[in-house]
Structure formats: C-alpha cells, structure tokens
Amino acid sequence: MVARRRLGRRFGWLWAAYAVSTFGTRLAFDAFALIAILVLHAGPAEVSVLAAAGLAVGAVVAVPLGPWVEFRRKRPVMVAMDLTRFVALMSVPAAYALGLLGFVQLLVVSVVVGAADIAFNAAGGAYLKSIVRPEDLVVASGRFESTNWTATVLGPPLGTAAIGLFGPVLTVVTDAVSYLLSAAGIRAIGGHEPHPVSAGTKEVRLRFGGLVEGWRYILAHPALRPLFLNTVLVSGLIMATSPLLAVLMLGDLGFAPWQYGLAFGLPCVGGILGSRLAPRLVARFGRHRVMLTAGTLRACWSLGPAFVRPGVSGLVLVIVVEFGLIACMGVFNPVFAAYRLDRTATDRVARTLSAWSVTSKATVAVMTGLWGLLAGITGPRVSIAVAGLLMLLTPFLLPRHDHTPHHERDLARSPT
C-alpha cells in the first residue's frame, strides 16, 4: 500500500521529533491569545497586534537565516532552533510566577519563536528532501500532515481544559519542553551529515541576497508562482480571522475555553482523514488534479463562522465548517508540500522555503493587523465575513496546467 512504505530510520526519528513538538504546540493552541485575553484583559485590537507583530518582526529577523541555513548542516540548525524556542517560551511562565508578565514580553517571545520556526522549517525541508526519495515525498509529507492533525484533535481540548484547571501558562511550559524533546530526537538520528559547501565569499554574498534569489526562483517558476500566491493569501485570510474568532466566541458569545478548544480540536479528525487519503488520491488521479480540486474546495468554508450564534447550534456550526475546511487542507497540504520540494532545486531548498515562509508570515502579520483594525470599526463578525468572501476568489490563483514532465507524473502516481 502507498501509505505503508518504509522510509528508513532517519525519517523515523525526524518524524518522532516532529510529532512531540507538534503535540506540545497544539496543547498550547492560541496560548498567547488566551493569556492576553484572560490575564492581561486585552481586546480584539491588542490580540490582533500580538499575532501580527510577532509574525512580522519574526519574519524580518529570519530574512538572513534562510541563506545562512543553506550553507550549514541541517540537523545542528534544527537542534539550535529547538533550544532557542525552549528558552524563549520558558521565560513566559517564569515571568508569570514572578508577577512580571506583560504584553511586551509576549510580543518579544512571539518574535523569537517566529524567527526560529522559519529557520527550523527551512532546514527541516532541506533535510527531508535529502533522506527521502522523490517518489516518497507525498507519503512522507502525508505522515507529517496526519501527525499535525492528530495532535490538533487532542491538543486544543486538553490544553484549554488544562488552562481552566491549572492556569494559563501550563501549556506554554509543555510547549517549551516539547521542543527540548524534539532536539533530543533530532540528535538521536545520528550518522554523518556532510557540510553543504565550505564557508567563503559565496556564503557571505548569499547571506544578504539569498532570499532575493529565493523569491526570484519562485516567481520565475511557472508552477511554483501561482501556488505561492495562492497559499500565502489563503494562510493570511485564515490566520487573520483566528484572533477575531477567539474574541467573538470567548468574549461576545460567552463560550467557555474548553468549548473553544473543542470547536477547533474535534474537526481536525478531517485533517487526519484527508492526509491519510492524499497519497491514495494522488496514485489514482494524479498530483495536479488532486491539488487543484482540494485547493478549490478548501476555499468554500471560511464564510461560515460569520454566522455563529451562542449555544449548542453555534458550536455545531463552527465544528462542521472547520471540519470541511480542515479535511480539504489535509488533502491539499501534503500534496502541495511534496510538489514544492520536488520542483525546487536541491541547492535552493532552504532559500526557497525561507522566502516562502517569510512572505507567508509577513502577509499573515499585515492581514492580521488590517483585520484587527477592521474589527475595531465593524466588529469581529463583519470582518470574518469579509475574509470569507475574499477566500472564495483564491482558487483562481491555483495553477491550471500541470507542468510536471510525463515520466515524473507516472512516478508520482506509482502505487509501489
């Protein structure tokens, strides 16, 4: 079967490290927003600023990191970024225990974690491509995606319940420890990883201009360019409304934290199903058709949360809408991730992924700030509706033609 391919010991350890850190992060689902709302009594504008500023400054800080990662062994970079996130996150419970936690510290930690995320993902993508065969990239990406949604099913309900029982910073501690365990798992991979290139003039030049090369490579590529525009805009629209939906549900409509966590945890079963189906759908229908169909269907759900009401009916509406959106994302994401790695030259992976991630995070930051301002004028519900309407336009940015050579299409569709 496609999904049962053996991908080797190194992939196993990488997958395990990803699983533990992802589960920790999902336990801390919207932890900073919840701390800002419940502890610092922040309003929708402040919560949006927290989400936007952390992403924006984190993306700027990460600009020189992508080219730097390209010329470093990838596993040490991943370990270093895990340890950086551990130290940054542990500063939050320490400040809370001392009565010193403030809005500014949450912003600073968001910046550090955001920059480390970009560097880690760039290194991780390059390392994954080096240890997995091209024909196995959809399977490998599907396993990561399935793990992500499994953790999201369990994490938010448990995390928000823990916040209700033990206080708002316990899940931040858990998230920090998960990065420490991830670093240990990556070190356990062992073996020798050759240095990509020797340090010198080329490295110095690319450290400052590398992301420009990454953006140039993406925008010149006939298949990557529309996917880049589509995924950046979709991420921006989804994430810009996330803090507004938290304010709407937890503030205006009076949902309890555990109900909020359930509303976004339970639908992630759809992500598990979608990611499990993705390799089989690719084997049957081809990568491009699956990407186009799933990418179109995921745009049809985001208008729904604008109509949420108090009580059980409102909770059910959010769960149904999120299930549909996440199921489509569960299919789309691993196919897209594998395609992006496959179509990117090996010596450009880190720079390309960094440029992609920096753009995505900066776009999310800008759109989150704009939607926060819009919510301050019109209210969260109208702002969510505007994002949902814009989401309906995003399928027009998907690539309409398959640029994969015929022999590679046959390889990607191979069931063995």
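All residue numbers refer to positions counted from 1 along the written sequence of the respective chain. Since the coordinates come from a predicted model, pLDDT governs what is reported: local features require at least 70, and pairs of side-chain atoms require 80 or more to be given and counted, while whole-chain, interface and lining totals use all residues. The basis for every side-chain value is the complete set of non-hydrogen atoms in the structure, without hydrogens or water.

Moving on, we come to the overall build of the protein. Secondary structure elements are defined from DSSP: runs of H or I of at least 4 residues count as helices, runs of E of at least 2 residues count as strands, and each element is numbered from the N terminus. Looking only at helices and strands, the protein has 17 helices and zero strands in total. Out of the 416 residues belonging to the protein, those deemed buried represent 55%. By definition in these notes, contact holds between two residues if any of their heavy atoms fall within 4.5 Å. Taking all contacts inside the protein whose residues are at least 6 apart in sequence as the whole, residues at least 24 apart take part in 88%. About 17400 Å² of surface is accessible on the protein, with carbon and sulfur atoms providing 69% of the total. Here's how the labels work: a residue is buried when its accessible area is under 20% of the maximum for its type, exposed when over 50%, partly exposed in between, all with a 1.4 Å probe on protein chains only. Computed with a 1.4 Å probe, the accessible areas rest on the Shrake-Rupley method; for each residue, only the protein chains presented here act as cover.

Each Phe, Tyr or Trp ring, with Trp reduced to its six-membered ring, pairs with another whose centre is within 6.5 Å; inter-plane angles below 30 degrees give stacked pairs, above 60 give edge-to-face pairs, and intermediate values give tilted ones. Scanning the model with the defined rule gives six aromatic pairs in all. An angle of 85° between the planes, with centres 5.2 Å apart, marks the rings of Phe228 and Trp356 as edge-to-face. Taken as a pair, Phe228 in helix α10 (residues 224-252) and Trp356 in helix α15 (residues 349-378) lie far apart in primary sequence, 128 residues in all. One exposure class covers both Phe228 and Trp356, and it is buried. Taking the centre distance of 5.6 Å and the plane angle of 55° together, the rings of Phe336 and Trp356 count as tilted. Of this pair, Phe336 sits in helix α14 (residues 312-343) while Trp356 sits in helix α15, and the two are 20 residues apart along the sequence. A residue is classified by how much of its surface remains accessible, and Phe336, at 9% relative accessible area, is buried.

Patches here: salt-bridge-free residues with over 30% relative accessible area, like charges joined within 9 Å, nonpolar side chains (Val, Leu, Ile, Met, Phe, Trp, Tyr) joined within 5 Å. We count a salt bridge whenever a side-chain nitrogen from Lys or Arg sits within 4 Å of a carboxyl oxygen from Asp or Glu. Among the surface-exposed residues, Val382, Val386, Leu390, Leu393 and Phe396 lie close enough to one another that they form a single nonpolar patch of about 460 Å² accessible area. You can see Phe396 is positioned in the loop between α16 (380-391) and α17 (406-412).

On to the packing of helix α1 (residues 9-27) against helix α8 (residues 170-187). Look at α1 against α8: their axes get within 7 Å of each other, and the N-to-C directions meet at 175°. Compared by their axis directions, α1 and α8 come out roughly antiparallel. Contact residues: Trp13, Ala17, Val20, Ser21, Gly24, Thr25 and Leu27 in α1; Thr171, Thr174, Asp175, Ser178, Tyr179, Leu181, Ser182, Gly185 and Ile186 in α8. Looking at the contact of α1 with α8 residue by residue, the classes come out as seven nonpolar, eight polar and one charged. Every angle, taken between N-to-C directions, lies between 0 and 180 degrees, and every axis is a line fitted to C-alpha atoms, over only the stretch in contact when it is a helix. Should an angle fall under 35 degrees it is called roughly parallel, over 145 degrees roughly antiparallel, and 65 to 115 degrees roughly perpendicular, with every other angle called oblique. Residue polarity is assigned by list, with Asp, Glu, Lys and Arg as charged and Ala, Val, Leu, Ile, Met, Phe, Trp, Tyr, Cys and Pro as nonpolar; anything else, Gly included, falls into the polar class.

Here the focus is the environment of Leu245. Note that Leu245 resides in helix α10. Note on Leu245: relative accessible area 6%, which makes it buried. In the structure, Leu245 is positioned 60 residues away from Pro305 in sequence and 7.7 Å away in space, judged by C-alpha atoms. In contact with Leu245, not counting residues within four places along its chain, are Tyr260, Phe264, Pro305 and Ile384.

Taken as a whole, this structure holds five salt bridges when the rule is applied. One salt bridge connects Arg85 with Asp82, and the closest N-O pair in it is separated by 2.7 Å. Taken as a pair, Arg85 and Asp82 lie in helix α5 (residues 74-97) at a separation of three residues, close to a single helical turn. When its relative accessible area of 0% is taken as the criterion, Asp82 is described as buried. Asp342 is the partner of Arg287 in a salt bridge, and the nearest nitrogen-oxygen pair spans 3.4 Å.

Before going further, it helps to examine α5. With 24 residues, α5 should cover 34 Å at 1.5 Å per step; its first-to-last C-alpha distance of 36 Å lies within 8% of that length. Directly beyond the C-terminal end of α5, a positive phi value near 75° is found at Gly99. A helix is expected to reach a length of 1.5 Å times the quantity of its residues less one.

Next up on the list: the nonpolar core. To define a nonpolar core, start from buried Ala, Val, Leu, Ile, Met, Phe, Trp, Tyr and Cys residues and group those joined through side-chain atoms within 4.5 Å. Phe11, Leu14, Leu128, Leu227 and Trp356 are the most contacted members of the largest nonpolar core, which has 52 residues in total. When residues in this core are grouped by element, the largest group, nine residues, is from helix α6 (residues 103-131). Ignoring anything within four residues of it in the chain, the contact list for Leu14 reads Met78, Tyr127, Leu128, Ile131, Phe144 and Ile189. Counting residues in each nonpolar core, the second largest holds 29 residues, with Leu244, Phe264, Trp371 and Ala387 among its members.

Bringing the side chain of Thr171 into the picture now. By secondary structure assignment, the location of Thr171 is in helix α8. Exposure remark for Thr171: the relative accessible area of 3% places this residue in the buried category. Beyond its immediate stretch of four places on either side in the chain, Thr171 contacts Leu27, Ala28, Ala31, Gly159, Ala162 and Ile163.

Time to look at the side chain of Ser182. Mapped onto the secondary structure, Ser182 falls in helix α8. In this structure Ser182 touches Ala17, Val20, Ser21 and Asp82, once residues within four positions along its chain are discounted.

Glancing now at the environment of Gly114. Structurally, Gly114 is set in helix α6. For the pair formed by Gly114 and Lys361, sequence separation is 247 residues and the distance between their alpha carbons is 8.4 Å.

Quick look at α8 now. With 18 residues, α8 extends 26 Å between its outermost C-alpha atoms, agreeing within 8% with the 26 Å of an ideal straight helix rising 1.5 Å per residue. Turning to α8, its buried residues are Thr171, Val172, Asp175, Ala176, Ser178, Tyr179, Ser182, Ala183, Gly185 and Ile186. Buried positions along α8 lie against α1, α2 (31-38), α5, α6 and α7 (137-166).

Let us now look at the environment of Leu273. Relative to the assigned elements, Leu273 resides in helix α12 (residues 269-285). Sequence spacing of Leu273 and Cys328 is 55 residues, and the spatial spacing of their C-alpha atoms is 9.6 Å.

All right, on to the confidence of the model for the protein then. pLDDT measures the predictor's confidence residue by residue and takes values from 0 up to 100. Confidence along the protein averages 82 in pLDDT terms, with 87% of residues attaining 70 or more. Taken element by element, the protein is modelled with least confidence in α17, mean pLDDT 46, and with most confidence in α16, mean pLDDT 93. Of the regions scoring below 50 in pLDDT, residues 198-206 engages in eight contacts with residues more than four places distant in sequence or in other chains. Per-residue pLDDT stays below 50 along residues 406-416; that stretch engages in 17 contacts with residues further than four places along the chain or on separate chains.

Working definition: a disulfide is two cysteine sulfur atoms within 2.5 Å of each other. Taken as a whole and assessed by the stated rule, the structure comprises zero disulfides. Free of any disulfide, Cys328 has its nearest cysteine sulfur in Cys300, 7.4 Å distant. Cys328 sits in the buried class, given a relative accessible area of 11%.

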